[in-house]
Amino acid sequence: GAVVSQHPSRVICKSGTSVKIECRSLDFQATTMFWYRQFPKQSLMLMATSNEGSKATYEQGVEKDKFLINHASLTLSTLTVTSAHPEDSSFYICSARDRMAGRNEQYFGPGTRLTVT
Amino acid sequence: GDSVTQMEGPVTLSEEAFLTINCTYTATGYPSLFWYVQYPGEGLQLLLKATKADDKGSNKGFEATYRKETTSFHLEKGSVQVSDSAVYFCALAHNTDKLIFGTGTRLQVFP
């Protein structure tokens with residue numbers, strides 16, 4: 001149980017285009033989903049917290065107009081990287097909090113490798 | 001602000017060796033502490049956690065004790081297996097959902 005999927009697992013796009021990444025909780029309902037970014041040999045950095053039916057809360061320094069987050073249902077959140085540039089190349093990871101589990105229990109997706117050329 | 005520091009890897013061990021991965025933290029108050037493991041090609045999985053001082057989290061032969069006096073949460077296992085090869089992340093969280101991670105430590109176990 002408590003499986004989170006991400007799609008796609010890898011994506012390569014050209015500079016200036018937009019890319020959408022999906023995060024799904026497969027066997028539970030998630031009122032809250034989280035988006036992280038991971039640089040090589042660095043820790044996961046929280047980008048934003050996504051709450052179903054409301055606007056996402058972004059961490060300091062994260063451009064909300066560049067990283068659009070939509071949490072349209074209890075099982076799906078999407079991250080859209082708009083007008084991507086090479087510096088946006090990174091590993092993006094989502095997690096979801098099971099509304100029935102403990103407050104600090106998060107389940108993580110396998111991540112999406114974005115490469116902007 | 002709050003932060004987590006863990007030893008750089010990779011840690012390379014032979015099968016059945018003893019494992020220690022050091023983790024220290026800086027935080028106000030009394031956060032919960034976690035160890036997550038990431039196997040190749042998979043998402044992070046919660047390995048164990050401790051929510052208050054002197055608590056010991058344990059799972060799959062791994063243990064970690066919440067040491068308030070040394071602000072540490074070192075991960076240990078008495079006898080590692082090849083299947084334990086993965087990246088291990090130490091993390092903390094207060095009563096919010098925000099997890100603060102260390103940089104991760106890669107463990108490589110050889111037969």
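Residues numbered from 1 in each chain as written. Chains lettered and ligands numbered in written order. Predicted model: local features only at pLDDT ≥ 70, side-chain atom pairs only at ≥ 80, totals over all residues. Heavy atoms only, no water.

A.B. asks: Would you explain the sheet that holds strand 9 (residues 75-77) of chain B in this entry?
C.D. replies: All names here are of chain B. Taken in spatial order, the 4 strands make up an open sheet running 3-9-8-7, and their pairing is antiparallel. A single partner strand is all that each edge strand has here, and the edge strands are strand 3 (19-21) and strand 7 (56-59). Neighbour to neighbour, the strand axes of the sheet diverge by 15° on average, direction disregarded. Sheet analysis places strand 3 next to strand 9, joined by 3 bridges and oriented antiparallel. Bridge pairing links Ile21 to Leu75 in strand 9. (Pairing = 2+ DSSP bridges. Helix = DSSP H or I, 4+ residues; strand = E, 2+ residues; numbered from the N terminus. Axes fitted to C-alpha atoms, helices over the stretch in contact; angles between N-to-C directions.)

A.B. asks: Could you clarify how one ought to interpret the pattern of salt bridges in this entry?
C.D. replies: Pairing is possible between side chains that carry opposite charge, provided their charged atoms lie close to one another. Scanning the entire structure with this criterion turns up 6 salt bridges over all chains. With a shortest N-O distance of 2.9 Å, Asp88 of chain A and Lys66 of chain A are connected by a salt bridge. One end of the pair, Asp88 of chain A, is in the loop between strand 8 (76-81) and strand 9 (90-98); the other, Lys66 of chain A, is in the loop between strand 6 (57-58) and strand 7 (67-73), and 22 residues separate them in sequence. There is no split in this pair, since Asp88 of chain A and Lys66 of chain A are both buried. The salt bridge partner of Asp84 of chain B is Lys77 of chain B, with a shortest N-O separation of 2.8 Å. Just as Asp84 of chain B is buried, Lys77 of chain B falls in that class too. (Salt bridge = Lys/Arg side-chain N within 4 Å of Asp/Glu carboxyl O. Buried < 20%, exposed > 50% of the residue type's maximum accessible area, 1.4 Å probe, protein only.)

A.B. asks: Can you help me understand the pairing of strand 11 (residues 112-116) of chain A in this one?
C.D. replies: Along any regular strand the residues' side chains alternate between the sheet's two faces. All names here are of chain A. Of the two faces of strand 11, only the one carrying Thr112, Leu114 and Val116 is buried; Arg113 and Thr115 on the other face are not. Of the strand pairs in this sheet, strand 2 (residues 10-13) and strand 11 are connected by 4 bridges, and their pairing is parallel. Within the sheet, the bridge partner assigned to Ile12 lies in strand 11 and is Thr115. The pairing of strand 9 with strand 11 spans 3 bridges and is antiparallel. Residue Ser90 lies in a different strand from strand 11, and its bridge partner there is Leu114.

A.B. asks: How do you make sense of the interface of chain B and chain A when you look at a structure like this?
C.D. replies: The parts lose accessible area when they come together, and the size of an interface is often stated as this lost area. Taken together, the contact between chain B and chain A spans 21 residues of the former and 20 residues of the latter. Where chain B abuts chain A, roughly 1500 Å² becomes buried across the two surfaces, and 50% of that area is made up of carbon and sulfur atoms. Taken as a group, Leu44, Asp97 and Phe101 of chain B account for 35% of the area that chain B buries against chain A, more than any other trio of residues on that side. If you look at where chain B meets chain A, you find 1 salt bridge. The shortest N-O distance in the salt bridge between Lys98 of chain B and Glu59 of chain A comes to 2.7 Å. Counting across the interface, chain B meets chain A through 1 residue pair in polar contact (both at pLDDT 80 or more). Counting residues per element, the ones that place at least two in the side of chain B that touches chain A are strand 5 (32-38), strand 6 (44-50) and strand 10 (86-93) of chain B. No other element matches the 4 residues that strand 5 of chain B contributes to the side of chain B that touches chain A. Along the lines of polarity and charge, the residues of the side of chain B that touches chain A split into 8 nonpolar, 9 polar and 4 charged. (Contact = heavy atoms within 4.5 Å. Buried area = accessible area lost by both parts, 1.4 Å probe. Polar contact = N/O pair within 3.5 Å; in protein donor to acceptor, adjacent residues only side chain to side chain. Nonpolar A, V, L, I, M, F, W, Y, C, P; charged D, E, K, R; others polar.)

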